[in-house]
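If you want the building blocks of each chain, they are given just below.
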Amino acid sequence: MSADAAVGRELELGDVAVPYHWLAVGSTGVLMASYLSVLYHVTDIVGGTAALTALVVATLVAATLAARHLPVSYAAALVVGLLGAGLGGYYLSVPSPYLVATSTGQILADNVALLTGLSVLRMTEVGAWALGVAPALSFGPWYLVLRRRYALAVAAGGVALTFFVLTGDAGSFVTLAGSLAAASALGFGTLARRGGTAAQVDAIAIALVAMVVVSSAISVVPGGTASPILPGGSAGPQTVEGSVVNNDERTNIVGSIELSPTVRFSVEAERRGYWRVGAYDRYDGDGWIRTGEATDYRAQSAPPGPSRTLDQTVTVEADRLGAMPAAWRPVRLRTGADNARVTSEGSFDPIGALREGEQYTVLSEVPDPSESELRTAGTDYPEEIAERYRQLPASSADRIRERTDEIAAGAETPYATAVAIENWLEANKAYSLDVDRPDGNVAESFIFDMERGYCTYYATAMVAMLRSQDVPARFAVGYTPGQRVAENEWVVRGLDSHAWVEVYFPEIGWVKFDPTPGGPRADTESQRVQQARERNVSNVDTDDSQNGTWTPTTTQPEDETGTETTDDGTGSENLTAVAESGPGQRPQLAPDREVGRTDSAPEIGVATTEAEDGAGGVPIRPPSPEEAALGGLVVVGLLAAARRTGALARLRRTAWLYWQPRRDPDTDVERAFARLEHLLADRFRERRPGETPREYLDAIRGIDRRAERVGEIYERVRYAGESDRLLADQAVALVDELVRERRGLGR
C-alpha cells in the first residue's frame, strides 16, 4: 500500500486509527533511543555529547521534512551516502600510520570483527566513529515511520540495535527496551493500517509484559553472561583474578570477591617485583577497556628514563595460565617468543593458554627514576599519551575534578599530585573485599559515597582523579610478588592478584603507584593460606613453599631512608619508612624498589566480619531508572490483562462498593442508595425499569431494616428536597455496615 493510500485508509478509519499511528511513531522513537543511547554513552566517555545531540536533532528535522516530499528510493540512497560519508570521516581521523599499514580487506575484517562481541569502545577513534554513523542511524527509521512504512522502520532500527547487541555495547536493559519498542511499533503500525479495538491494544500490552517476564530470567545478549534483567538475582562472590589471568580486553568492576589461595606460577629473579599482566586505557564508568589490537611478537624498546635490568623465568604451576606475567617493562622474550604477541599496552601475551610446567624467560627494563627526577619531569607529554590517557567520562569529570582540586591543593607537579591522591585514598578509605557494587560511575561512587573497597576501586579512583588534573594515568593489573621461597624465587598464588596505577612522566615513562592500603593484608594472607592448608585444599603449595618462608641470613643494605628493608616472604616489606613519613608525605625512594608503594600486600580472599565492616541488615536503595521503567511497563501490562479479563472492572466495582468519598449531602445519599441497589441486586434481584425505589424495596421480602432506612432517607433527599448532612452521614454509615455484612441483608 502506498503512503497516500495509507493516509486515505487512516482518514477513512477516522479518529480510531490516528492514535495508533502516533503510538507507532512513539515506539519507533523508543527503539531509536535504545541504540542511540549507546552512542551517547560512547561520546560521554570520550567527549562530544553536545556535538552528537546537535547532529541527531538536525538529522531528525531533516528526516521529518524529507518524509513529506522525498520518495523512498531517494531517501534510501541518501542514507547509504550518509553512512559512507560518516565511515569515511572516521577512517580519515585514524592516525595515518594505521591507514598506511591497513588494507581495504583489513578494514572490512575489523568491522566484521565487531559483530563477534568486540566492543566499539576498543576502537581508537570511537568518538569520530559515533559521530559518523549517527546521521544514518537517525535518518532512516524516522523517515520511514513518518511515511507509514512501519515494518521497514522497525527493520532499519532493529539492524542498528542488533549491531550493538552483537558488539556487546547494548546492555540487557537497552536490548530489552529496544525489542519491546520494535514489537510495539509493528503492532500499532498494523492497527493504524487496518483498524483495531481496545482489546487488541490490551493484547499488545500483555505480549510486551510476557517478553519482560521471560527476559527477566535469561540473558538477551547472545554469548553474554546470563544475568537477570530484573533485580534480585545474585551470582554470589566473584573474583578479580579472571581478567588478570586471561588478560581480557575488558575488565568490569564487580562487588564482593573471593580470591583463591592456590598457586598460579613461580618466578626466578634476582629481585622481587610486581608481575604485571596488562593495562587498560579507556574508562567507561563501569570498568576498563584496552583499545587497539595485539600485534605479533617483537622486541620492545626500554623506557626513556633510567632503568635496571631484570631477568625472570616464570614456571606455570596451575592447569593453565592465559597471560605472561612479568615486571614492567618487558622488552624481550628469551624463550617462548614463538607463542607470544604484544598487547597495545606493551605486555607480552600468549597465543592460547600456557599449560602446567611450561616456562618462559623474559627480560625487563624496570623504570628506576629518583624522586628528584620525578618532581622535575614536567608536563610536556607526547600528543598520543595526552589524548589517550587523560580521558574521563564527561558526566562525572567536573565533580571528580573539584574534589581532587581540594585534595591536591598546593601540589605543584604531577608527581606531587599523584602522591597527594595516593595518600588521601589510603587514609580515607578502608580496605575490604565485601562491598556492594555501586550503580553508575564506580570512581565517582568510591570517591564520594563508599567507605571501603579493594584494589580495583582504589586504582580506578586514583586514575580518574589524576586524569581530572590532566595527568596521564592508566589502570594496571597483575600480581604482587608473592611468597619468597628462596633467595631468588617467589611463589605466586591467586590471592596475589592485584590492581594498581601507572602514571606517565615525560622522559621517564610509566611509573607504578599503589593507593591500596597494605598494612593489615600481609597477616590476612598468611591466615588465608594456613586455613587452606588445614582444609587440605589442593595446589596451595609447591615443594618449596610448604616448608615456610625463606629468610635471608644477612641484613640487607640500608635504603635511602636509613631503615633496614627485609622481606617477610609474603611480598610485604618493612613499613617503618612509610609509617614514619606521615600523612601527605612520601619517603625517599629506595634504590631496590620501583616507584610507588611496593610494600603493598596482595589481595586477600577472606571476607571481613560484620564488626570490622560496620555492616548490618539489608541495604535499602531506591530503584534505578531502568528498574523503574521496567516496573512501570509491567504495571501497564498487568492493568491491560486485568481489563481484558474483566478483572479491572470487577476491581473498580469492588472499590466503588467498599469506599465512598464524601462530597455534598445530596450526592452522598444518591451514591449510598446506588451501593445499596448493587447489594440487593447481588443478593435478590435488580430493580426493574419503571420500578420506583419504594416499590423495589417493598417487593423484596424480609429485607434488612437498615436497607429500608436508607430508602427512606433517599426519598426524603431526592423527592422532598431535604438536604441534610446528618441524614447523608447516616445513609452512608448504614450502607457501609451492610457492605461489611453482605450476608446479613435478609432477616
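Up top is the structure these notes are about.
Residues numbered from 1 in each chain as written. Predicted model: local features only at pLDDT ≥ 70, side-chain atom pairs only at ≥ 80, totals over all residues. Heavy atoms only, no water.

With that settled, consider the packing of helix α3 (residues 49–69) against helix α7 (residues 126–146). Axis separation between α3 and α7 bottoms out at 8 Å; the angle between their running directions is 30 degrees. Classified by the interaxial angle, the pair formed by α3 and α7 is roughly parallel. Crossing of α3 against α7: the hand is right-handed. Only Ala130, Leu131, Ala134, Pro135, Ser138, Phe139, Trp142, Tyr143 and Leu146 of α7 make contact with α3, whose side of the interface consists of Ala51, Leu52, Leu55, Val56, Thr59, Leu60, Ala62, Ala63, Thr64, Ala66 and Ala67. Classifying every residue of the contact of α3 with α7 gives 17 nonpolar, 3 polar and no charged. (Axes fitted to C-alpha atoms, helices over the stretch in contact; angles between N-to-C directions. Helix = DSSP H or I, 4+ residues; strand = E, 2+ residues; numbered from the N terminus. Parallel < 35°, antiparallel > 145°, perpendicular 65-115°, else oblique. Left-handed = near helix turned anticlockwise from the far one by under 90°. Contact = heavy atoms within 4.5 Å. Nonpolar A, V, L, I, M, F, W, Y, C, P; charged D, E, K, R; others polar.)

Turning to the packing of helix α23 (residues 665–683) against helix α25 (residues 705–718), a few remarks are in order. Two numbers describe how α23 lies on α25: the axes approach to 10 Å, and their chain directions differ by 140 degrees. Taken together, the axes of α23 and α25 lie oblique to each other. Judged by the sense of rotation from one axis to the other, the crossing of α23 with α25 is left-handed. Where α23 abuts α25, its residues Asp666, Val669, Glu670, Phe673 and Leu676 lie against Ala707, Val710, Gly711, Ile713, Tyr714, Val717 and Arg718. Classifying every residue of the contact of α23 with α25 gives 8 nonpolar, 1 polar and 3 charged.

Once that is clear, we can look at the sheet that holds strand β7 (residues 307–316). Reading across the sheet, the 6 strands line up as β9-β13-β7-β2-β18-β17 and stay open at both edges, with antiparallel pairing between neighbours. The sheet is open, and its two edges are formed by β9 (330–335) and β17 (483–486), each paired on a single side. With strand direction ignored, the average angle separating the axes of adjacent strands in the sheet is 30 degrees. In terms of strand pairing, β9 meets strand β13 (residues 359–367) through 4 bridges, oriented antiparallel. When the sheet's bridge partners are listed, Leu333 is paired in β13 with Val362. (Pairing = 2+ DSSP bridges.)

As for its position among the elements, Leu191 is in helix α9 (residues 172–194). In this structure Leu191 comes out as buried when scored by relative accessible area, which is 6%. For the pair Leu191 and His21, spaced 170 residues apart in sequence, the C-alpha to C-alpha distance is 8.0 Å. (Buried < 20%, exposed > 50% of the residue type's maximum accessible area, 1.4 Å probe, protein only.)

On to the pattern of salt bridges. This model, assessed by the stated rule, comprises 34 salt bridges. Measuring nitrogen to oxygen at the nearest pair gives 2.7 Å for the salt bridge that ties Arg375 to Glu371. In this pair, Arg375 and Glu371 both sit in helix α12 (residues 371–375), 4 residues apart, roughly one turn of the helix. As a salt-bridge pair, Asp698 and Arg694 come within 3.6 Å of each other at their nearest N and O atoms. Here Asp698 pairs with Arg694, and both are found in helix α24 (residues 693–699), just 4 residues apart, close to one helical turn. Taken together, the shared-partner salt bridges connect Arg276, Asp281, Glu345, Arg388, Arg474 and Glu502 into one network. (Salt bridge = Lys/Arg side-chain N within 4 Å of Asp/Glu carboxyl O.)

This brings us to the sheet that holds strand β5 (residues 287–289). Read from one edge to the other, the open sheet built from 3 strands follows the order β1-β5-β4, with strand pairing classed as antiparallel. Two strands lie at the open edges of the sheet, namely β1 (250–252) and β4 (282–283), each paired on one side alone. Note: β1 against β5, 3 bridges, orientation antiparallel. What sits directly across from Arg250, in β5, is Ile289.

Moving on, we get to the packing of aromatic side chains. One pass over the full model with this rule turns up 21 aromatic pairs. Between Tyr454 and Tyr457, the ring centres sit 5.1 Å apart and the planes meet at 90 degrees, which makes this aromatic pair edge-to-face. A single burial state applies to Tyr454 and to Tyr457, both of which are buried. Put simply, the rings of Tyr280, Tyr283, Trp288 and Phe475 touch in pairs and so form one group of aromatic residues. (Phe/Tyr/Trp six-rings, centres within 6.5 Å; stacked < 30°, edge-to-face > 60°.)

Together, Val57, Val61 and Leu65 give the surface a local cluster of nonpolar side chains, amounting to about 270 Å² of exposed area. Inspection of the secondary structure assignment puts Val57 in helix α3. Of the residues examined, Val57 reaches a relative accessible area of 47% and is grouped as partly exposed. (Patch = residues over 30% accessible without salt bridge, like charges linked within 9 Å, V, L, I, M, F, W, Y side chains within 5 Å. Areas by Shrake-Rupley, 256 points an atom, 1.4 Å probe, with all protein chains shown as cover.)

Moving on, we get to the pairing of strand β3 (residues 275–280). Within β3, 6 of the 6 residues are buried, leaving the element largely enclosed by the surrounding structure. Bridging between β3 and strand β16 (residues 473–479) involves 5 bridges; their strand directions are antiparallel. Along β16, the bridge assignment pairs Ala279 with Ala476.

If you look at the biggest cluster of nonpolar residues, it comprises 60 residues, and the most contacted ones within it are Leu425, Tyr454, Leu466, Phe505 and Phe513. Excluding residues within four positions of it along the chain, Leu425 makes contact with Phe446, Tyr458, Ala461, Met462, Met465 and Pro515. Counting residues in hydrophobic clusters, the runner-up holds 50 residues, among them Ala66, Leu121, Trp129 and Ala185. (Core = buried A, V, L, I, M, F, W, Y, C linked by side-chain atoms within 4.5 Å.)

Below, the discussion takes up the side chain of Ser34. Mapping Ser34 onto the fold places it in helix α2 (residues 18–46). Judged by its relative accessible area of 5%, Ser34 falls in the buried class. Polar side-chain contacts of Ser34 include one of 2.5 Å to the backbone oxygen of Leu31. Not counting chain neighbours up to four residues away, the residues in contact with Ser34 comprise Leu161, Val174 and Gly178. (Polar contact = N/O pair within 3.5 Å; in protein donor to acceptor, adjacent residues only side chain to side chain.)

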